[in-house]
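Below are the chains, spelled out letter by letter.
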Amino acid sequence: MPEPSLEPSTEPAGETRPPSAVTANVVSPASQAGARGASAAEEGRFAFLARAGEALASSLDEPTVLRQLAELVVPDLADWCSVDVVAPSGQAVRRAAAHRDPSLVPVVYAIGERWALREDGSLGVAHVLRTGEARLIPDVPEQVVLESVARGNEVLEETWRLGCRSVMVVPLVARGRVLGCLSLMSGTAGRYGEPDLELARELARRAALSLDNARLYGEARQAQARTARLQAVTAALSRAATEDAVAQVLAREVWEASGATRVAVLALEEDGLVRPLRVLGYSEDALAAFHRPASGAAREGIQCIRREAGWFGSLEEFIARYPQDAELARGHGQGARAVVPLWGDLRVRGLLLLGWPEPRVFPAAERAFLEALAHQCAQALERAALYEALRERSERLRQALVTGDMGTWRLDLVHGKELRDAALNHMLGLPAVDSSLPVGDLLEYLHPEDRPHVEAEFRRNQREAPGFFEGEFRVIRRDGGVRWLHSVGQSFAGPDGKVTELTGAMADVTRRKEAEERLQLLLDASRVLALRLDDVEAALPEVARLVVDHVATGCLVDLAAPDGTLRRVTAAHRVPEHDARLHAALGGTDRGPAHPALQCFQTGEVRFLSHVDFLRREDVSTSPGHRALVDSLSPTSVLSVPLRARGRTLGVITLFTAEPQRTLVAADVAMAEELALRLSVALENARLFHDAQSAVRLRDEFLSVASHELKTPLTSLILQHNLIGRALESPGTPSLVTGRLNTAQRQVFRLTALVDNLLDVSRLSLGKLSLERAEVDLAQLTRDAVERLEDVFAQARCPLQLELPRTLPGHWDASRLDQVLVNLLTNAAKYGAGHPVSVRAGVDARDEAWVEVRDQGIGIDADALPRLFGRFERAVSERHYGGMGLGLYISRQIVEALGGRIDVDSQPGQGATFTLRLPRSAPLSVAAP
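The structure contained in this document is the topic of the report that follows. The model shown is predicted, which means the values in this text are computed figures rather than measured ones. (Residues numbered from 1 in each chain as written. Predicted model: local features only at pLDDT ≥ 70, side-chain atom pairs only at ≥ 80, totals over all residues. Heavy atoms only, no water.)

### Quick look at the pairing of strand β24 (residues 809-812)
How we decide: Under the scheme applied here, a residue whose accessible area is under 20% of the maximum for its type counts as buried, over 50% as exposed, and between as partly exposed, the area being computed with a 1.4 Å probe on protein chains only. Numbering of helices and strands runs from the N terminus; a helix is a DSSP stretch of H or I covering at least four residues, while a strand is a stretch of E covering at least two. Pairing between two strands is assigned when DSSP locates at least 2 bridges connecting them.
With burial as the criterion, only one face of β24 is covered, namely that bearing G810 and W812; the residues P809 and H811 on the opposite face remain uncovered. Bridge count between strand β22 (residues 774-777) and β24: 4 bridges; the pairing is antiparallel. Residue pairing in the sheet places A774 in a bridge with W812 of β24.

### Considerations on the packing of helix α17 (residues 510-531) against helix α18 (residues 536-550)
How we decide: In this analysis an axis means a line fitted to C-alpha atoms, helices contributing only their contacting stretch, and an angle means the value between N-to-C directions, from 0 to 180 degrees. In this scheme, roughly parallel covers angles under 35 degrees and roughly antiparallel covers those over 145, while 65 to 115 is roughly perpendicular and the rest are oblique. The crossing is said to be left-handed when, going from far helix to near helix, the turn is anticlockwise and less than a right angle, and right-handed when the turn is clockwise. Here, residues are in contact when the closest pair of their heavy atoms is within 4.5 Å. Think of it as three bins: nonpolar holds Ala, Val, Leu, Ile, Met, Phe, Trp, Tyr, Cys and Pro, charged holds Asp, Glu, Lys and Arg, and polar takes everything else, Gly as well.
Two numbers describe how α17 lies on α18: the axes approach to 10 Å, and their chain directions differ by 165 degrees. With respect to each other, α17 and α18 are oriented roughly antiparallel. α17 and α18 meet at a crossing whose hand is right-handed. Residues E517, Q520, L521, D524, A525, V528 and L529 of α17 form the contact with α18, whose own contacting residues are V536, A539, E542, V543, L546, V547 and H550. Here the contact of α17 with α18 is built from residues that sort into 9 nonpolar, 2 polar and 3 charged.

### Considerations on α18
Put simply, the rule reads: Each helix should span, by expectation, one fewer than its residue count multiplied by 1.5 Å.
Over its 15 residues, α18 extends 21 Å from the first C-alpha to the last, a length consistent with the 21 Å expected when each residue adds 1.5 Å. Within α18, the full set of buried residues consists of V536, A539, L540, V543, A544, L546, V547, V548 and H550.

### Examining the sheet that holds strand β1 (residues 80-86)
The pairing of strands in a sheet comes from backbone hydrogen bonds and takes either a parallel or an antiparallel form. Read from one edge to the other, the open sheet built from 5 strands follows the order β2-β1-β5-β4-β3, with strand pairing classed as antiparallel. Every interior strand has two partners, whereas the edge strands, β2 (92-99) and β3 (135-137), have only one. If you compare each strand with its neighbour and ignore which way they point, the axes differ by 15 degrees on average. In terms of strand pairing, β1 meets β2 through 7 bridges, oriented antiparallel. Paired with C81 across the bridge in β2 is A98. Contacts between helix α5 (residues 124-131) and the sheet are confined to β1, β2, β3, β4 (166-174) and β5 (177-186), with β5 contributing the most and set at about 150 degrees to the helix.

### Thoughts on the packing of aromatic side chains
This is how the line gets drawn: Stacked, edge-to-face and tilted are the three classes for Phe, Tyr and Trp ring pairs, Trp counted by its six-membered ring, which pair at centre distances within 6.5 Å; planes under 30 degrees apart are stacked, over 60 edge-to-face, the rest tilted. Both a distance and an angle decide whether a charge sits over a ring: NZ of Lys or CZ of Arg must be within 6 Å of the ring centre and within 35 degrees of the ring normal.
According to the stated counting rule, one finds 4 aromatic pairs in the structure shown. Their ring planes at 50 degrees and their centres at 5.3 Å tell us that W311 and F362 sit as a pair that is tilted. In this pair, W311 is assigned in strand β8 (residues 310-312) and F362 in the loop between β10 (348-355) and α14 (364-403), connecting sequence segments 51 residues apart. Take W311: its relative accessible area is 12%, and that puts it in the buried class. With a relative accessible area of 6%, F362 lands in the buried category. Ring pairing ties together the aromatic residues W311, W356 and F362, which thus form one cluster. Directly above the aromatic system of F318 lies the positively charged group of R337, at a separation of 5.9 Å from the ring centroid. Lying over the aromatic face of W484, K513 brings its terminal NZ or CZ to 4.5 Å of the ring centre.

### What about unusual backbone geometry?
Put simply, V74 and P75 share a cis peptide bond, and its omega is 5 degrees. Looking at the secondary structure, you find P75 in the loop between α3 (62-73) and β1. Of note in the backbone geometry, R175 takes a positive phi value of approximately 55 degrees without being a glycine. Within the element layout of this structure, R175 appears in the loop between β4 and β5.

All quantities given are derived from atomic positions and should not be read as evidence of function.
Right, dumping it as structure tokens:
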């Protein structure tokens, strides 16, 4: 509604308002008395809104929704109304109107068309669309209207004549956006009040939802139509193989889809020049302008447009953006225009120019659609360019195949022909020309080991349904050489569904397969050597077999003998007959002065004979038998590599090949050197391992002998101390001598314990620790050990607490178990000095006897716990606590031999708890002593 310059009026106090239109028309006047009347009025409003919601939801067509909205409110809620909608350009457009007098509806439309809405107004449609706030003018004063008419406000005068005494303007808001507004006018002053405004707001809310749904539905329909058109364009472009055909499809589709009256498809050359491909609707002068080279300013504009699409709603907007092209733009005509770059995958292939006779706005969906069309066209142009380039290069590609490592083939099963190109024949060692031969001729060149499965696959692809196939196999060339080929192909069916043709290509992959075989050989050899670190020489036959399976025809391994000569330790050959002959000749030493293995051993350098002729065979042997063996093997190439480690030559590994296998090449030399290095390291590691084992055995034997030898003088010394002690028992013996004798006896006992520990360690290392099982009372054994160590605990100032059962029988070795208990009690006194020590024992639920020795001393660090029971391992400083670190090691070995275990739980500063657990009966796996 055009906006009057009026403020909302209020009714005088005490004046009675006329009833609203909805109340008057929907609710009976007789029911308007008291509370019952108010309730009936409210029911009437609800009924009206229910009818309105049903009517608005009955259609998803936007014009229909707006028309039904206008018809709903007239005459029940207003004498006349208008619905203004915000267009994509941001302007308000009157889309629906209604009046009590249908003949006046055109006048309502005319008011919206003749007078634009004022954006700076504080009332009316413009203000509601801008702020989203509803406006209510209950009473439009006649005097104010007359004064406005006198000042020339024609729109207010025309509105007044239609009947405008009470006004409501409510916004149509959905999803936070103002879609438009609903203007309600009544010819009765004071008709509208706050209840009517609330009713109008609710009606507007429902109408906005219906309008938004209609728009979404319309957008979905448009998107569906655009998608269908894009699919059609894609199909048409897929059939276009030239630039002209692509441009024709694009121009036709854009002409029909966009409504443009001018369409031009221009190609952009790499030098920046413009070349027209298809032009529709442009004048002759405009068409000639496309063919002229662009000026400097015009080129600058083209470069700018190439970065992104340009959308210009009018000619003036385009000239304001590109003033240098003003003359050219005027020559193309008035109205809106668009410039869309044809972006391909590599570069901008061209420009799409569109023109309309009138100004317009470009919605986002339309822009996206046209840009998608342009992108598809650009891709089609790229395909056309690639197709043209492909045709130009096809001949050069054919020549490259002849001289390269690829060839093509085709089987015509209908006519029984096998067609091979020149490149494939060249790979087979045949004349490099195209050939037509009977089907199956290629199978004659297959390697005997590969022919069965390749021929079976070949026959299967001729019988089964069409499909793709791929495989790798060896062929024997005409000159006897062996090559690896990788073949890919496809079969095609005729009208009856049977395969009529097979076609494909083959590539020479010999180098890749050889590299894979070398790598696999090194991996397998490393695995074999890793499993036989202690006896590498026993693994050499398996390594030689791997060499002949992957790389060579035969393999020989010689190692240095103690007298400095070479001795053959193993040999292998692919052919079983020759393999047996090589093994029969292992003990021979027939090697001529020119033998590669002998020269390699003497010089320590690689010897590689890429071609072995007759004269060289004569020089490698010194006996007729060895010469006959060499002749039967017929080596074509020989490679000898030294096995060296730490500056010494440990031996030689020799590889040789014979026809039809390929000869050895430089890459095989590098592989053989790597294999020799791994063999040398393994041999040296095995020697060092055996040396280390021998040293350990010698050490253990020495400890055993030394311990036994030390036991004899210690026993004699103890006896002498005992005799001296008895002699000193007579009265009057000085106490000083007695004290020193006691000290000497304690040191001898300590030395005896150390010797016993060393003797036990040697027995454990040699596996000679023996057990003498018998019925033992562990509780009494523990009491005896504690009693013997009373002086030790007294000197350490460790109060002792015992919690032992009366008896704790079991089947153990009493002396060895006593040794374990003494070690644990001595450790508790040593490391828990000055703190209490508790000793507990019992039986758990699994019928295992346990003894727990707990001290409250210095404790053990967490990182020292894992190595606490190791040989010569210590958790504390030897300087402060002494000892050899053997007590716990020997204790664990004894306990494990008895079928039990020792656990420790400790934290620094909180002492340590050692728990001994033993099965009460002897394990079945432990033999009786």
